[in-house]
Amino acid sequence: MSDEGERVTPVELYGDGACRGNPGPGGWGVLLRCGGKDRELLGSELMTTNNRMELTAVIEGLRALTRPCEVRVYTDSRYVCDGMREWVAAWKARGWKTAQRQPVKNIDLWQALDTEQQRHRVSWHWVKGHAGHIENERVDMLANKAIDRMQQGGSS
């Protein structure tokens, strides 16, 4: 992470995941907004879960940033928001185990997200899904577009 005196770029990251069946074909979408410019990212997996796609969206959005930034992450996933705000620190302290001493589900993605977010100053913001939030609707559309492309034999 950068020193306190170093100027960091402010970025808004909107992420969403979608799954047709749970598990089933899944997609993720990201909107990065910085300096008045938008960049869209999307991807898909043949067999996955909604939670994995929600996590993947944010991971891929953070990975796309080439230098440390001040990132405001917006997601309609309480799983992602609560995980990063409340659970990850405790999981790490227990060796990536839950309070019940069980292995954390989706540990590979939680660890990747934890690593990616350490490069930045990240704040986590939950938004209600499918409630007319323009950017959230946009990333939902991207996630579904990724699934459509995959199912039609295209790349995402």
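Quick note: structure is the one above.
Below is a summary of the structure that appears in this document. Keep in mind that what you see is a predicted model, and the values were worked out from it rather than measured.

Scoring rules and cut-offs
- Residues numbered from 1 in each chain as written.
- Predicted model: local features only at pLDDT ≥ 70, side-chain atom pairs only at ≥ 80, totals over all residues.
- Heavy atoms only, no water.
- Helix = DSSP H or I, 4+ residues; strand = E, 2+ residues; numbered from the N terminus.
- Rg over C-alpha atoms; globule rule 2.2 N^0.38 Å.
- Buried < 20%, exposed > 50% of the residue type's maximum accessible area, 1.4 Å probe, protein only.
- Contact = heavy atoms within 4.5 Å.
- Areas by Shrake-Rupley, 256 points an atom, 1.4 Å probe, with all protein chains shown as cover.
- Pairing = 2+ DSSP bridges.
- Axes fitted to C-alpha atoms, helices over the stretch in contact; angles between N-to-C directions.
- Core = buried A, V, L, I, M, F, W, Y, C linked by side-chain atoms within 4.5 Å.
- Salt bridge = Lys/Arg side-chain N within 4 Å of Asp/Glu carboxyl O.

### What to know about the overall build of the chain
Piece 1. Summing up its helical and strand segments, the chain has four helices and five strands in all.
Piece 2. Taken against the 2.2 N^0.38 rule, which gives 15 Å for 156 residues, the C-alpha radius of gyration of the chain at 16 Å falls within 12% of a compact globule.
Piece 3. Scored against the burial criterion, the 156 residues of the chain give a buried share of 47%.
Piece 4. Considering only contacts in the chain between residues 6 or more positions apart, those separated by 24 or more positions represent 67%.
Piece 5. For the chain, the exposed surface amounts to about 8200 Å²; the carbon and sulfur share of it is 48%.

### Here we look at the pairing of strand β3 (residues 37–48)
Sheet faces and side chains relate simply in a regular strand, where the side chains alternate between the two faces.
Piece 1. Note that strand β2 (residues 24–34) and β3 share 10 bridges and pair antiparallel. Counted as the bridge partner of Arg33 is Asp38 from β3.
Piece 2. Count of turn residues in the β2/β3 antiparallel hairpin: two residues, of which Gly35 carries a positive phi of about 55 degrees.

### Here's the deal with unusual backbone geometry
Peptide bonds are mostly trans, and most non-glycine residues show a negative phi.
Piece 1. The linkage connecting Asn22 with the following residue, Pro23, adopts the cis geometry, with an omega of 15 degrees.
Piece 2. Along the polypeptide, Pro23 turns up in the loop between β1 (9–19) and β2.
Piece 3. A positive phi angle, close to 65 degrees, is found at Arg101, a residue other than glycine.
Piece 4. Relative to the assigned elements, Arg101 resides in the loop between α2 (78–93) and α3 (107–117).
Piece 5. Judged by its relative accessible area of 55%, Arg101 falls in the exposed class.
Piece 6. The residue Asn106 is not glycine, and still its phi comes out positive at about 60 degrees.

### Looking at the sheet that holds β2
Piece 1. Taken in spatial order, the five strands of this open sheet run β3-β2-β1-β4-β5, and their pairing is mixed. Edge strands, defined here as strands with exactly one partner in the open sheet, are β3 and β5 (121–126). When strand polarity is set aside, the average angle formed by the axes of neighbouring strands in this sheet is 20 degrees.
Piece 2. Of the pairings in the sheet, the one linking β1 to β2 comprises eight bridges and is antiparallel in character. Paired with Gly17 across the strands is Trp28, a residue of β2.

### Looking at the nonpolar core
Side chains of a nonpolar character, in soluble globular proteins, are inclined to be buried together.
Piece 1. Core analysis: the biggest nonpolar cluster contains 30 residues, and Leu32, Val71, Trp110, Leu113 and Trp124 have the highest contact counts within it.
Piece 2. Mapped onto this core, the elements with two or more residues apiece are β1, β2, α1 (50–63), β4 (69–75), α2 and α3.
Piece 3. Contacts of Leu32, omitting those with residues within four sequence positions, involve Val11, Glu12, Leu13, Lys37, Asp38, Arg39, Leu41, Gly61, Ala64 and Leu65.

### Side note on the side chain of Asn136
Piece 1. Structurally, Asn136 can be placed in helix α4 (residues 134–151).
Piece 2. Leaving out residues up to four positions away in the same chain, Asn136 has contacts with Asp16, Asp76, Val127, Lys128, Gly129 and His130.

### Quick look at the pattern of salt bridges
Piece 1. According to the stated counting rule, one finds 11 salt bridges in the structure shown.
Piece 2. Measuring nitrogen to oxygen at the nearest pair gives 2.8 Å for the salt bridge that ties Asp148 to Arg20. One end of the pair, Asp148, is in helix α4; the other, Arg20, is in the loop between β1 and β2, and 128 residues separate them in sequence.
Piece 3. You can call Asp148 partly exposed: its relative accessible area is 32%.
Piece 4. Across the pair Arg33 and Asp38 runs a salt bridge, and its minimum N-O distance is 2.8 Å.
Piece 5. Relative accessible area serves as the criterion here: at 37%, Asp38 is assigned to the partly exposed category.
Piece 6. One network of salt bridges, in which partners are shared, links Glu12, Arg33, Asp38, Glu40, Glu135 and Arg138.

These values are about where atoms sit, not about what they do.
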